[in-house]
Every structure is written in C-alpha cells, then in structure tokens.
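One letter stands for each residue in the lines below.
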Amino acid sequence: MATTQQPAIEGWFTTGEGAALIGSRCEGCGTYAFPRATLWCANPACRSTELAEVELSRTATVWSYSFNHYQPPEPYISPDPFVPYGVVAAELAAEQLVILGQLATGFGVEDLTVGAPVELVIETLYRDDEGDHLVWRWKPTAAAPTEES
C-alpha cells in the first residue's frame, strides 16, 4: 500500500520534481518574503499591497548554522527517542533572503561552512497514520553524506 505524502505546512512549499519554497514578491519595490506575505509588503518603507506569489530559488549559500541538542517543544513532532539535528540559515541565491531549515538527512554540521552551497530538498519530517508529512531541508552540495547523521 502506498504511503500518502503531504506538506507538514500547507502552502509554504511545493513537492515533487523541482520542489520550491513559495514566497511573495512586492510588485511595488521588488522585496521578497517567506513565508509569503498576503496583505502588504514586508519592506517597512513600502506601502504596496500588490504581491505576487512566486517560487523562490532552490539554491542558496550557508549564512549560519547550528546543531540542536535539545528537543523542541510541541507542536513540533520529534522522533522517539529524540535525535539531535543540524539547522541551517541559508541565503537564497537570487532573492538574498535568509531562510532557516533543518539540515538534510545524512549530513552533519561538519559538512557545513559559512558560504558553502546548499540546495533545497523535500524530506519526511514525521510519519503517522495519515502518511508522511513533508518539510524542506538544506542539502550541502559539496559534501558527501555522513554515516552518523
């Protein structure tokens, strides 16, 4: 029986081949936002309400990173037992917008350096009776997966 797959957060990213984060771009000043702005521009100097929904860059560079050794509080669903994981703040190539996300499965913080290239991937955050709940993660493009991660 096939497992259903659905985004853990509806409307924040696409799935399948060429998956991408969904953001917005202000038609007045060109400012990008993620998650997408729906009422007004994210730029405090702009008063525009004309916002276009856009797919954001799939490639980025590491702006910062850390290793989470603690279990996040609810409503976050952690594996049992909890497994520490890497978190990456990545600056999107075209939009110059910093997006936070977990490090892709199979990689550790030892695979990261500030300024290194990463790409967006979609992976399972958790599985329940409804199927797989998907989330975006950042995958280093210059490193091979580690055994431990």
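Before any of the text, the structure's been laid out above.
Residues numbered from 1 in each chain as written. Predicted model: local features only at pLDDT ≥ 70, side-chain atom pairs only at ≥ 80, totals over all residues. Heavy atoms only, no water.

Quick look at the sheet that holds strand E4 (residues 51-55) now. Strand order in the open sheet formed by 3 strands is E3-E2-E4, and the pairing between neighbours is antiparallel. Lying at the two open borders of the sheet, with one neighbouring strand each, are strand E3 (32-33) and E4. When strand E2 (residues 22-26) meets E4, the two strands line up antiparallel, connected through 5 bridges. The residue of E4 that forms the bridge with Cys26 is Leu51. (Pairing = 2+ DSSP bridges. Helix = DSSP H or I, 4+ residues; strand = E, 2+ residues; numbered from the N terminus.)

Here we take up unusual backbone geometry. The linkage connecting Phe34 with the following residue, Pro35, adopts the cis geometry, with an omega of -5 degrees. As for its position among the elements, Pro35 is in the loop between E3 and E4. Located in the positive-phi region is Gln96, a residue other than glycine, with phi close to 55 degrees. Secondary-structure assignment places Gln96 in the loop between strand E6 (85-92) and strand E7 (98-103). According to the relative accessible area criterion, Gln96 is exposed, its value standing at 61%. (Buried < 20%, exposed > 50% of the residue type's maximum accessible area, 1.4 Å probe, protein only.)

The next point concerns the pattern of salt bridges. Following the criterion strictly, the structure yields 5 salt bridges and no others. Across the pair Glu27 and Arg25 runs a salt bridge, and its minimum N-O distance is 3.6 Å. Between Arg36 and Glu53 there is a salt bridge; the shortest N-O distance is 3.4 Å. Taken together, the residues Arg36 in the loop between E3 and E4 and Glu53 in strand E4 connect sequence positions 17 residues apart. Using a relative accessible area of 54% as the deciding quantity, one classes Glu53 as exposed. (Salt bridge = Lys/Arg side-chain N within 4 Å of Asp/Glu carboxyl O.)

Let us look at the pairing of strand E9 (residues 131-140). Counting buried positions along E9 gives 9 out of 10 residues, so the element sits mostly inside the fold. Pairing between strand E1 (residues 5-7) and E9: 3 bridges, direction parallel. In the sheet register, Gln5 faces E9, and the bridge partner there is Asp132. Bridging between E7 and E9 involves 2 bridges; their strand directions are parallel. From the neighbouring strand, Gln102 faces E9, where its bridge partner is Arg137. As judged from the 10 bridges shared by strand E8 (residues 117-128) and E9, these two strands associate in the antiparallel manner. Residue pairing across strands places Thr124 opposite Leu134, the latter belonging to E9.

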